[in-house]
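Residues per chain, in single letters:
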Amino acid sequence: MKKPHRDSPGARGDGRAAETAALAEVRAVYAELERRPAERGCVRQTGCCQFRLTGLVPSLTPAEARLLARGWRAAGRTRPPEEPADGACPLFDPLRQGCRVYESRPFGCRTHFCAAAGGPRSRREVLDLIRRLEEASERFLGDREPRPLPAALRRAMEER
Ligand code: SF4
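Residues numbered from 1 in each chain as written. Predicted model: local features only at pLDDT ≥ 70, side-chain atom pairs only at ≥ 80, totals over all residues.

(A) Representation of the site of the ligand in the model. Close contacts around the ligand come from C48, C49, C89, L91, F92, C99, R105 and C109, and that covers them all. Along the lines of polarity and charge, the residues of the shell around the ligand split into 7 nonpolar, no polar and 1 charged. (Near = placed C-beta within 6 Å. Nonpolar A, V, L, I, M, F, W, Y, C, P; charged D, E, K, R; others polar.)

In structure tokens form, the structure reads like this:
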């Protein structure tokens, strides 16, 4: 793992400040994404949550994973979610048929829409935002490597 940037909060040994800064940038990126016009949008069909059926698992930067972990813990949860036997996202609630952390869902869930929602946004349209997520992860957390959602979330839960 790379070291945090010399001038970053993480480099000063203040892990909480580094995480706060990383989360602020992730939220800013998600807000910017919302402001960009798109001829498609999530209609909560939840098709993209069925990883085994789609064969696609979103990858998260470490900063996004921290935000996702925070969303998961918000209801007082202290352990990562179980990985379901049907191969769905561990954050998918089969009873309510919805995401348990929708407000904190990662960039991939905000851009890789299922066919019912119009299909994925092109990477070219959002490449600058992907770069910002990577840079925030590197600068504040010293690690920019994207990981599949289940592994990224487990890791973020452990890093608390
Ligand atoms: S994080 Fe939420 S929206 Fe994204 S795949 Fe998992 S359940 Fe679906």
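(B) Molecular detail of the nonpolar core. Judged by nonpolar contacts, the single largest core of 29 residues is most densely connected at A22, V26, A63, A65, L68 and L153. Those elements that provide at least two residues to this core are α1 (15–35), α3 (62–73), α4 (107–111), α5 (123–141) and α6 (149–158). Per-element accounting of this core gives the leading share, 6 residues, to α3. Once residues lying within four places of it in the same chain are set aside, the contact partners of L153 are A65, L68, A69 and P80. (Core = buried A, V, L, I, M, F, W, Y, C linked by C-beta atoms within 7 Å. Buried ≥ 20, exposed ≤ 12 C-beta atoms within 10 Å, placed from the backbone. Helix = DSSP H or I, 4+ residues; strand = E, 2+ residues; numbered from the N terminus. Contact = placed C-beta atoms within 7 Å.)

(C) Looking closely at α1. The first and last C-alpha atoms of α1 sit 30 Å apart over 21 residues, in line with the 30 Å expected at 1.5 Å per residue. Within α1 the residues assigned to the buried category are A18, E19, A22, V26 and V29. Down the axis of α1, the buried side of the element spans an arc of 95°, and every buried residue falls inside it. Set apart from the buried face of α1 by more than 90 degrees, the exposed residues are R16, R27, A31, E34 and R35. Buried residues in α1 make contact with α3 and α5. (Expected span 1.5 Å × (residues − 1). Arc of directions from axis to C-beta.)

(D) Here's a closer look at the environment of A88. Assignment of secondary structure puts A88 in the loop between α3 and β2 (92–93). Among the residues examined, A88 registers 17 C-beta atoms within 10 Å and is labelled partly exposed. With 31 residues separating them along the chain, A88 and V57 place their C-alpha atoms 9.5 Å apart. Non-local contacts of A88, meaning those with residues more than four positions away in its chain, are made with C49, Q50 and F51.

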